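Observations on the model geometry
So you can see what is in the structure, the chains are spelled out below.
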Amino acid sequence: MMGRPSVFAIAAAMIGIAWTTPACQIGLRAQERPVTAGAAVTPQAFVQFDGELEVLYEDSNAGARLRHFLRTDNRRFELRFAGERPALAHGTRVRARGTLKDNTLMLSSGLTSMQALAVPKPDTMGTQNILVILFNFPDNNTQPYSIASARAVTFTDTNNYYVDNTYKQTSLSGTVVGWYTIAASSRTCDTSAWATLAEQAAVDAGVNVASYARLLYAFPRVSACSWWGLGSVGGNPSHAFINGDFQLMVVGHELGHNLGAYHSHNSPCDATGCTTGEYGDDRDIMGSTPGHMNAFQKERLGWLAYGAAPLVREVTMSNNYWIEPLETLPNGAAKAIKILKSIDSSRQRTWYYVEVRTKTGADANVAPGVVIHTGSEASGNSSYQLDVEPTVTVWDSTLDPGQTFADSEIGLSITTLSADNTGALVQVSIDGGNIIACRYQAPTVSLSPSAARFVKPGSVVNYTVSITNNDTAGCAPGRFAFSSAIPAGWSASFSSASTIALAPGDTTTATMSVMIPENASGALPLSVSAAELISSAGFTTVIVNVLSERTK
């Protein structure tokens, strides 16, 4: 069953789709000719490759490393970004442009130097079909656990976790095969080659590897690999590798990456400031313990606040709010509340998420109580569990009854009034009584004159284009771009810049000049639209009657 893409997943697919116009692709200096896959290249040569993006998390006790690779028809390059990394999933078909050095492709930014050509569909819902391949090496041929043990961890323990974590929306099925001894040394950590050999061994044994959407490879502890787990962030098929111990925390964590989750961090503070912890969330399997994913993670992956999924309530006014336990099946109330924290320059919102944990199901071993996180629409890698006592040195992640968390910059305070195994009553206080909610809406676009007009072939006609930003008052100013839909052979230009900044409720105008060719005739439609990334486009159409020779 294909997953339902969340708003975050759609936004993530859009981020990084830059450098798409023909001018950008052909406007290269003479010495910057793209080098196609398979061609010989000189060190630090300008290159352009089409291929499949690999996004891989290496997880270890020393920390985590997020790596990107580009796989072409016959080569594999590691990608290094001088600027921001692309928010694209493993398996995205991309075009990358940069310089090549020592088999590493150097890009200025994942937003400007990489174009997404085809984006894999997110698949977080329904039954996840998993093939577990157990393999070892001629120089390390131990079998540290049995097929039955691996089956129990994957399809009992980890399946039960995801059924519980997703309110029965996601489950695991599949099989475990092996042990296969592959023709490779364990002295070098080469997961790409190992996966190929392990899959071929499974095929030779009669396994239909291609029928599985998620591939999990496991092998005895190899010291050449510094990590205990490696997982692709998304992808279909996705890939995960288990180095050594095969247990719920490792298998569930790497499958979390495969489903599209990044890490759940924390932000401990004291009087001198705040730091961050890569695996710092103390209640989350994408953090440091095999508990439920937090509300931001669940919402992003479609398990909360999407379709028939349990609710996340957006709070915009001072009041008391009841929150159900995050772990239990929905019972009518919200599983979390979220409060707008900020909006960045690209109009992506960061939210406070307030949830309550109880010792239920997968959370049987976590601390109960009210917990606060932040998360941003701009990045899946933005989940932070907050320190609710930020001025003291002791990490405090539970907002106890009577305790208040405050954000003085936006005039917000959150107080737990009560909390037990039935849920929590939380008081939200906002200076002025409410936060003006931000709702992105299609702009209103009009043309003047709007009535059909008669013009001569070969003439230039001008229209006044009016655009009104219909976003609600809580939104930051938006940037809108005009475009036209005109008959073939016609041309149109606008008097404004390529984009117009416009505050919610404001209106501005521009002139659109249309050149009508000498051979035009008849009643023809002319359309103009204005759009921004966040909202849908607004548009309008007028009719232009081009006079024939008889009626000139």
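Residues numbered from 1 in each chain as written. Predicted model: local features only at pLDDT ≥ 70, side-chain atom pairs only at ≥ 80, totals over all residues. Heavy atoms only, no water.

1. Concerning the pattern of salt bridges
In a structure, side chains of opposite charge can pair up when their charged atoms sit close to one another. As enumerated under the stated definition, the model contains 13 salt bridges in all. In this structure, Glu-54 and Arg-71 form a salt bridge, with 2.8 Å as the shortest nitrogen-oxygen distance. In this pair, Glu-54 is assigned in strand S1 (residues 45-60) and Arg-71 in strand S2 (residues 63-71), connecting sequence segments 17 residues apart. In this structure Glu-54 comes out as buried when scored by relative accessible area, which is 7%. Here Arg-71 falls in the partly exposed class, since its relative accessible area comes to 33%. (Salt bridge = Lys/Arg side-chain N within 4 Å of Asp/Glu carboxyl O. Helix = DSSP H or I, 4+ residues; strand = E, 2+ residues; numbered from the N terminus. Buried < 20%, exposed > 50% of the residue type's maximum accessible area, 1.4 Å probe, protein only.)

2. A closer look at the pairing of strand S26 (residues 460-468)
Relative to S26, strand S24 (residues 444-448) runs antiparallel, the two being bridged by 5 bridges. In the sheet register, Leu-447 faces S26, and the bridge partner there is Val-465. Looking at chain direction, S26 and strand S30 (residues 507-515) are connected through 9 bridges and run antiparallel. Its bridge partner being in S30, Val-461 is matched across the sheet by Val-514. (Pairing = 2+ DSSP bridges.)

3. So, the sheet that holds strand S20 (residues 379-386)
Ordered by their spatial adjacency, 6 strands build an open sheet running S12-S20-S19-S18-S17-S15, and the pairing between neighbours is mixed. At either end of the open sheet lies a strand with only one pairing partner, and these are strand S12 (264-267) and strand S15 (312-314). Between one strand and the next, the sheet's axes are offset by a mean angle of 35 degrees, whatever the strand orientation. Taken together, the 8 bridges between strand S18 (residues 349-357) and strand S19 (residues 369-376) define a ladder with antiparallel strand orientation. Paired with Val-356 across the strands is Val-370, a residue of S19. (Axes fitted to C-alpha atoms, helices over the stretch in contact; angles between N-to-C directions.)

4. Here we look at helix H4 (residues 191-204)
At 3.6 residues per turn, the α-helix brings residues three or four places apart onto the same side. Helix length check: H4, at 14 residues, gives a terminal C-alpha distance of 20 Å against a target of 20 Å (1.5 Å per residue), a fit within 8%. At the C-terminal side of H4, Gly-206 shows a positive phi close to 95 degrees. (Expected span 1.5 Å × (residues − 1).)

5. Topic: the state of the cysteines
One pass over the structure, following the stated rule, counts 2 disulfides. The disulfide bridge from Cys-189 ends at Cys-225, spanning 2.0 Å between sulfur atoms. Its S-S torsion of about 100 degrees marks the bond between Cys-189 and Cys-225 as right-handed, since a negative value means left-handed. One end of the pair, Cys-189, is in the loop between strand S8 (170-181) and H4; the other, Cys-225, is in the loop between strand S9 (214-219) and strand S10 (229-232), and 36 residues separate them in sequence. (Disulfide = S-S within 2.5 Å.)

6. Remarks on the confidence of the model for the protein chain
Note: predicted coordinates in regions of low pLDDT should not be interpreted at a detailed level. In this model, the protein chain carries an average pLDDT of 87, and 88% of its residues clear a pLDDT of 70 or more. Here residues 1-42 is a poorly scored stretch, pLDDT under 50, and it has 91 contacts once near neighbours within four places are set aside; other chains count. (pLDDT = per-residue confidence, 0-100. Contact = heavy atoms within 4.5 Å.)

7. Remarks on the nonpolar core
Among the nonpolar cores identified, the biggest contains 30 residues, and Val-132, Leu-134, Tyr-162, Leu-216, Phe-246 and Met-293 are the most heavily contacted of them. When residues of this core are traced back to their parent elements, those giving at least two are strand S7 (126-136), helix H3 (147-165), S8, S9, strand S11 (238-243) and helix H5 (248-258). Both of domain 2 (132-259) and domain 3 (265-439) provide at least three residues apiece to this core. Excluding anything up to four places from it in sequence, Phe-246 contacts Val-132, Tyr-145, Ala-150, Val-153, Thr-154, Leu-216, Ala-218 and Val-251. Ranked by size, the runner-up nonpolar core spans 26 residues in total, among them Leu-56, Ala-184, Tyr-212 and Tyr-217. (Core = buried A, V, L, I, M, F, W, Y, C linked by side-chain atoms within 4.5 Å. Domains from an automatic or database assignment.)

8. Quick notes on the packing of H3 against H5
The N-to-C vectors of H3 and H5 enclose an angle of 60 degrees; their axes lie 10 Å apart at closest approach. As H3 runs across H5, the sense of the crossing is right-handed. Across the interface between the two elements, Val-153, Asp-157, Thr-158, Tyr-161 and Tyr-162 of H3 pack against Leu-248, Val-251, Gly-252, Leu-255 and Gly-256 of H5. Counted by class, the contact of H3 with H5 contains 6 nonpolar, 3 polar and 1 charged residues. (Left-handed = near helix turned anticlockwise from the far one by under 90°. Nonpolar A, V, L, I, M, F, W, Y, C, P; charged D, E, K, R; others polar.)

9. Here we look at the packing of aromatic side chains
For the structure on display, the rule yields 18 aromatic pairs. Note on Tyr-57 and Tyr-262: the rings are 6.0 Å apart at their centroids and 75 degrees apart in plane angle, and the pair reads as edge-to-face. With a gap of 205 residues between them, Tyr-57 in strand S1 and Tyr-262 in the loop between H5 and S12 connect regions that are remote in the sequence. Taken together, a centroid distance of 5.3 Å and an interplanar angle of 50 degrees make the contact between Tyr-145 and Trp-179 tilted. One end of the pair, Tyr-145, is in the loop between S7 and H3; the other, Trp-179, is in strand S8, with 34 residues separating them in the sequence. By relative accessible area, which is 12% here, Tyr-145 ends up buried. Judged by its relative accessible area of 14%, Trp-179 falls in the buried class. An aromatic cluster of three or more residues is present, and its members are Phe-135, Phe-137, Trp-194, Phe-219 and Trp-227. Sitting over the ring of Phe-69, Arg-76 keeps its end group 3.9 Å from the ring centre. (Phe/Tyr/Trp six-rings, centres within 6.5 Å; stacked < 30°, edge-to-face > 60°. Lys NZ or Arg CZ within 6 Å of the ring centre and 35° of its normal.)

10. Focus on the environment of Ala-419
Position of Ala-419 relative to the elements: it lies in strand S22 (residues 412-420). The exposure class assigned to Ala-419 is partly exposed, which follows from its relative accessible area of 33%. Distance in space between the C-alpha atoms of Ala-419 and Asp-400 is 7.8 Å, their sequence separation being 19 residues. Setting aside residues no more than four positions away along its own chain, Ala-419 makes contact with Val-370, Pro-401 and Ala-424.

11. Observations concerning unusual backbone geometry
Going from Asn-236 to Pro-237, the amide bond is cis rather than trans, its omega being 10 degrees. The linkage connecting Ser-448 with the following residue, Pro-449, adopts the cis geometry, with an omega of 0 degrees. Mapped onto the elements, Pro-449 comes out in the loop between S24 and strand S25 (453-455). Not every positive phi belongs to a glycine, and Asn-103 is a case in point at roughly 65 degrees. Among the secondary structure elements, Asn-103 is positioned in the loop between strand S4 (93-101) and strand S5 (104-107). You can call Asn-103 partly exposed: its relative accessible area is 40%. Of note, the phi angle at Lys-168 is positive, near 65 degrees, even though the residue is not glycine. Considering the arrangement of structural elements, one finds Lys-168 in the loop between H3 and S8.

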